[in-house]
Amino acid sequence: THVNLPQHLPFPVTVVSIDAAPHSEVRRGTRLMTYSFMYVPLDGEPEMRFGTWESAIDGEIQQWNVKKGDVISQNIAKARPVVVIHEPCKHGMQLGGLCVLCGKDMTVQDYLGFSDTSRAHIQMTHSADGPTVSFEEAQRIERETAVQLIQARKLSLIVDLDQTIVHATVDPTVGEWIAEGEAWEAKRAEATDDASVEECNPNWEALKDVKKFRLSPESFGIPSSNAKDKARGRALENEGCLYYIKPRPGTATFLQRMAAKYEMHVYTMGTRAYAEEVCAIIDSDGRAFGGRILSRDESGSMTQKSLQRLFPCDQSMVVIIDDRSDVWEWSPNLIKVVPYDFFVGIGDINSAFLPKIQPLTLAKLPNPSPIKKPPDLPDDEPTTPEETEKAQQETKAMLARNTKALEAQVDERPLAKKQEQLQPDKAGEAPDSVKPEKLPRKALLKNDDNELVRVEKLLNDVHARFFAEYDKQQTVASKKSRTRKASITHIIPQMRASVLRGVTILFSSVIPLDTVPENTEVWKTAFMFGARCVTELSGQVTHVVAAKPGTVKVDAARKRGGIKIVWLAWFLDSIALWERQDERTYLLDDPGATVSSPVMNTSQMGSSDAELDFDSEDWELEGSETESVAATAVAGGVPQLQLDDIDWNDINDEVDAAMNESDDND
């Protein structure tokens, strides 16, 4: 073990004597070295003082890297070990306060202020009570795991649950619809004439594979405080909470195929009890996940997910699939999945406490930086009791918010309300000859999601690229050359950057006025997917991406010609699907075309279009004039603006001059 001087010594220090000779045995507390330093009092002359340095570990001195008379600064002490000690046990794996290897008590505290528990602080198992290991031991474990995966031609895959491969709700309406469908099936089986069987619930077909389970009250969360919620809370305390789980279409096939190429781990913001119940539904035989489940109970954070929690040293063979990028801080290992929203409008029931993603400003992308220390690793400075109490209060508040959101589902039945809104107006739409109860009911829940097909294709591509690079490195020629190691952290960003490569985008009515364009999410996202963004029209612009028609940029680009002018939905769908979409479907040439995305709503990146701030150069219409233009656009006509006071010739000259100036500059 290479031992450095502790950083709390009064540097610089001078070695006065070496008190433990090479090849001598030392115990914890044995004096190793005597040093001198200059003490400067507040009032008076500097004076020389002396101190001693004691060993914090047991073992045999192998060699000293300093000698009597050496002056050691703080930087040197930090960078260079002063002594090498051979330890009979490094206590690199600990469990329950004991060393797993030698059985020594690691919790002993003494005047040295050094605890052996700090030597194995990395938690890399799926259990909160599992063993902790040292960094060296973690490296050894990961090397062995990597060898096993390479031999099996596999990678590691971290899989999120909610809105990635399943969708969940606690709305009792789902249970009622399922009961209604099952009763209908029973009647149809007994009936001799299908005409005598009443109409089935329109959502039954999509609900046939929905499973349910009940969790104990402590798994549900913290009881609410007001009287009404307390009354409902008492029922939950007695009965627990009933969850309804809808596997994403194709989940079984997806997991079966991916298990052949990936060792899969579940990482969820849900509780341990919830995650185990869901996995029992989607992976009943354990072949896909094999009990490799990490929940918020073990992860160490309520708001973030850490790749280092399971892979503290090497993430080069790890892929993530998740519907949220912000919780991963836009990890280069991430493949973002389009959120699964089967139970319309319910969202993620296990992360109601997470911040809502704003439209096109999801979460500020971090600048490239070294990998951060995972949240479960201790900081250099100890956490104060005040900080610990504050963190506990914040966690309690987040759990309370999540509990309140679940209770609202149980009480308010949002799915039933949405179903009612789908039904035709009985007074206005039903013919007099048709009884209201005989009106055909529309289905709220759709079973038309095929996102896992796309994700499977991407994962197959990642797997193939990784092992193509790995096999290339194993050749004799590449072993002699300094070829970069095959790594997911390079492969996925390369795949992402190829989506919009060669595209130069000018955004219109997309970026808020009061922000620097380069700092906005939409700009950074475009850059991540290979596009180049500019703020002014020039000959290099290939696409104008607009949130509304009739802006100065849109009209100028149309006048220039040779530029694809598309709705914002083209950009959203291209990055959501990791594939450049055919612009013809999204052209802004038709004033009556829809702005919405056929693949994803802007709410899947944030909120509605109505919340967008528009660029300053966009035309501002007021009052009835705005309504008139909107109505004309919807009808498919061309809006006629009554702006007689404007000299259009002067404006055209100014636009031409501005574009010529931009061309000259470029």
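Below you will find a few notes about this structure. Residue indices follow the written sequence of each chain, beginning from 1 at its first position. Predicted model: local features are reported for residues with pLDDT of at least 70 only, side-chain atom pairs are reported and counted for 80 or more only, and whole-chain, interface and lining totals are derived from all residues. Note: side-chain values were computed over all heavy atoms of the structure, leaving out hydrogens and water.

**Thoughts on the overall build of the protein chain**
Point 1. Check the secondary structure of the protein chain and you find 19 helices and 24 strands.
Point 2. Here the term buried applies to any residue with accessible area under 20% of the maximum for its type, exposed to any over 50%, and partly exposed to those in between, with areas from a 1.4 Å probe on protein chains only. By residue count, 44% of the 666 residues in the protein chain fall in the buried class.
Point 3. We call two residues in contact whenever any of their non-hydrogen atoms come within 4.5 Å of each other. A sequence separation of at least 24 residues applies to 72% of the contacts in the protein chain between residues at least 6 apart.
Point 4. Computed by Shrake-Rupley with a 1.4 Å probe, the accessible areas treat only the displayed protein chains as cover when residues are assessed. By element, 51% of the accessible surface of the protein chain is carried by carbon and sulfur atoms, the whole surface being about 35,300 Å². Going along the chain from the N terminus, every DSSP run of H or I of four or more residues is numbered as a helix, and every run of E of two or more is numbered as a strand.

**Comments concerning the sheet that holds strand E2 (residues 13-18)**
Point 1. One requirement defines pairing of two strands: DSSP has to find at least two bridges between them. With antiparallel pairing, the four strands of this open sheet are ordered in space as E5-E4-E2-E7. A strand with exactly one partner marks an edge of an open sheet, and here the two such strands are strand E5 (47-54) and strand E7 (71-72).
Point 2. Sheet analysis places strand E4 (residues 31-39) next to E5, joined by eight bridges and oriented antiparallel. Note on E5: the bridge partner recorded for methionine 33 is tryptophan 53.

**Topic: empty space enclosed by the protein**
Point 1. Buriedness of a pocket was judged along seven lines, with at least five required to meet protein on both sides within 12 Å; pockets are open sets of points on a 1 Å grid over the protein atoms alone, cavities are sets where a 1.4 Å probe fits but cannot get out, and lining residues have an atom within 4 Å of a point. Grid points are joined across faces, edges and corners, and a volume is the space filled by probe spheres set on the points. In total, this model carries five cavities of 30 Å³ or more according to the counting rule given.
Point 2. Put simply, the second largest cavity is a space of about 80 Å³.
Point 3. For the second largest cavity, the lining is made up of 14 residues, of which Asp160, Met269, Lys305, Asp322 and Asp348 are closest to its centre.
Point 4. For the lining of the second largest cavity, the residue count by class is three nonpolar, four polar and seven charged. Each residue gets one label: Ala, Val, Leu, Ile, Met, Phe, Trp, Tyr, Cys and Pro are nonpolar, Asp, Glu, Lys and Arg are charged, and the others, such as Gly, are polar.

**A short note on the environment of leucine 32**
Point 1. For leucine 32, the location among the structural elements is in strand E4.
Point 2. Here leucine 32 is in contact with Ile18, Asp19, Ala20, Val26, Trp53, Glu54, Ser55, Ile61 and Trp64, once residues within four sequence places are set aside.

**Re a nonpolar patch on the surface**
Point 1. Exposure above 30% relative accessible area and the lack of any salt bridge qualify a residue for a patch; like charges then connect within 9 Å, and the nonpolar side chains Val, Leu, Ile, Met, Phe, Trp and Tyr within 5 Å. A pair is scored as a salt bridge if a Lys or Arg side-chain nitrogen falls within 4 Å of a carboxyl oxygen belonging to Asp or Glu. On the surface, Met38, Met48 and Phe50 cluster together to form a nonpolar patch covering roughly 360 Å² of accessible area.
Point 2. By the element assignment, methionine 38 lies in strand E4.

**Details of unusual backbone geometry**
Residues apart from glycine generally show negative phi values, whereas peptide bonds are mostly found in trans.
Point 1. Here the residue pair phenylalanine 11 and proline 12 is connected by a cis peptide bond, since its omega of -5 degrees sits within 30 degrees of zero.
Point 2. Considering the arrangement of structural elements, one finds proline 12 in the loop between strand E1 (2-3) and E2.
Point 3. Backbone geometry places tryptophan 330, a non-glycine residue, at a positive phi of 55 degrees.
Point 4. Within the secondary structure, tryptophan 330 is located in the loop between strand E19 (318-322) and strand E20 (334-336).
Point 5. Its relative accessible area of 14% is what places tryptophan 330 among the buried residues.
Point 6. Of note in this structure, serine 509 is not a glycine but carries a positive phi near 60 degrees.
Point 7. In this structure serine 509 comes out as buried when scored by relative accessible area, which is 0%.

**Considerations on the nonpolar core**
Point 1. As used here, the term nonpolar core means buried Ala, Val, Leu, Ile, Met, Phe, Trp, Tyr and Cys residues forming a set that is joined through side-chain atoms within 4.5 Å. In this structure, Leu207, Tyr243, Met264, Phe289, Leu459, Phe507 and Phe571 are the most contacted members of the largest nonpolar core, which totals 93 residues.
Point 2. The dominant element in this core, judged by the number of residues it contributes, is helix H12 (residues 451-473), at seven residues.
Point 3. Core analysis: the second largest hydrophobic core is formed by 22 residues, Phe11, Ile57, Ile72 and Val82 among them.

**Here we look at the packing of helix H3 (residues 172-190) against helix H11 (residues 414-422)**
Point 1. Between N-to-C directions, angles cover 0 to 180 degrees, with each direction set by a line fitted to C-alpha atoms, over the stretch in contact for helices. Running from amino to carboxyl end, H3 crosses H11 at an angle of 65 degrees, the nearest separation of the two axes being 7 Å. Residues Thr173, Val174 and Trp177 of H3 touch H11, and the partners they reach there are Leu415, Ala416 and Gln419.

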